[in-house]
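Single-letter residue listing:
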Amino acid sequence: SAPFQILPDLALAARVVPEQFGVEEGTPAVFTLRVEDTGSNAPLEGAAARVAVLDAAANEVFPEAVVLPRLLPGGVWTGSANWPVAAPVGEYGVTLTVSKESSTLASAQAAFGVLPPAASLVGTLSLVPAGVLAGDPTEARLTVTNTGAGSLPAHGVAVEIVAGADAAYVPAVRARHAP
């Protein structure tokens, strides 16, 4: 018989999602954080999560660090980060980086915007056809309306599919702006 060694299988998945993709200026921007140990035989120990809000020029405007608890294989940690006063108006990104010592183990990012206080967005999303079987094509129709009193600068739109085996971030491929 030959000696063998079982190596640790540490694999992580990270996710960061803004509670609102359009945050009113001067109010808190809250982000939901999720870290999952997807490895088969090694717990995550001694790791930290770092959240950073970046402006359109990629300058960090808000950082927050969180010490992660021990996660067994298959374990999930969820938490939140809070940018207390989101400002100024503009497009932003948020990143979640999970690291141990100087190694990055997982990362995730999302986009959101800080809106003028007078703007208020509402929207609907519908599928045509509405009943779709796995593998069949469908068209997603998104309508976003500013019900506020003020104007709104051009604003990106994203649809995030969060259920099913193929959950993924899907950026909008076509948008029409109606005044």
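Computed from a predicted structure; not experimentally measured. (Residues numbered from 1 in each chain as written. Predicted model: local features only at pLDDT ≥ 70, side-chain atom pairs only at ≥ 80, totals over all residues. Heavy atoms only, no water.)

## Digging into the packing of aromatic side chains
Definition in use: Between the rings of Phe, Tyr and Trp (Trp by its six-membered ring), a pair exists once the centres lie within 6.5 Å; its type follows the angle of the planes, with under 30 degrees stacked, over 60 edge-to-face, and the other angles tilted. In this description a helix means any DSSP run of H or I spanning at least four residues, a strand means any run of E spanning at least two, and both kinds are numbered starting from the N terminus. Only protein chains enter the area calculation, which uses a 1.4 Å probe; residues under 20% of their type maximum are buried, those over 50% are exposed, and those in between are partly exposed.
Tallied over the full model, the rule gives 4 aromatic pairs. Look at F31 and F112: their rings are 5.2 Å apart centre to centre, the planes differ by 65°, and that puts the pair in the edge-to-face class. Remark: F112 occurs in strand β8 (residues 103–115) and F31 occurs in strand β3 (residues 29–37); sequence separation between them is 81 residues. Between the aromatic rings of Y92 and F112, the centroid separation amounts to 5.7 Å while the plane-to-plane angle is 25°, which identifies the pairing as stacked. Placement of Y92 in strand β7 (residues 90–100) and of F112 in strand β8 is noted, with a sequence separation of 20 residues between them. The burial state of Y92 is the same as that of F112; both residues are buried.

## Re the sheet that holds strand β6 (residues 76–83)
Selection criterion: We call two strands paired when DSSP finds no fewer than two bridges between them. Interaxial angle, 0 to 180 degrees, is taken between N-to-C directions of lines fitted to C-alpha atoms, where a helix line uses only the stretch in contact.
One open sheet accounts for 3 strands, arranged β1-β3-β6; its pairing is antiparallel. Since the sheet does not close on itself, it has two edges, and those belong to β1 (12–18) and β6, each with one partner. Here the strands of the sheet are splayed against their neighbours by 20° on average, with no regard to which way each runs. Here β3 runs beside β6; their pairing, made up of 8 bridges, is antiparallel. Bridging from a neighbouring strand, T32 pairs with S80 of β6.

## Let's talk about the sheet that holds strand β4 (residues 48–54)
Across the sheet, 5 strands lie side by side as β2-β8-β7-β4-β5; this open sheet has mixed pairing. The open sheet has two edge strands with one neighbour each: β2 (22–24) and β5 (60–67). Direction aside, neighbouring strands of the sheet carry axes that sit 25° apart on average. Relative to β8, β7 runs antiparallel, the two being bridged by 11 bridges. Bridging across to β8, Y92 finds its partner in F112.

## Thoughts on unusual backbone geometry
Residues A87 and P88 are joined by a peptide bond in cis, for which omega reads -5°. In this model, A58 sits at a positive phi of 70°, which is unusual for a non-glycine residue. Relative to the helices and strands, A58 resides in the loop between β4 and β5. Backbone geometry at E101 places phi at a positive 55°, although glycine is not the residue there. Relative to the helices and strands, E101 is located in the loop between β7 and β8. With relative accessibility at 77%, the residue E101 sits in the exposed group.

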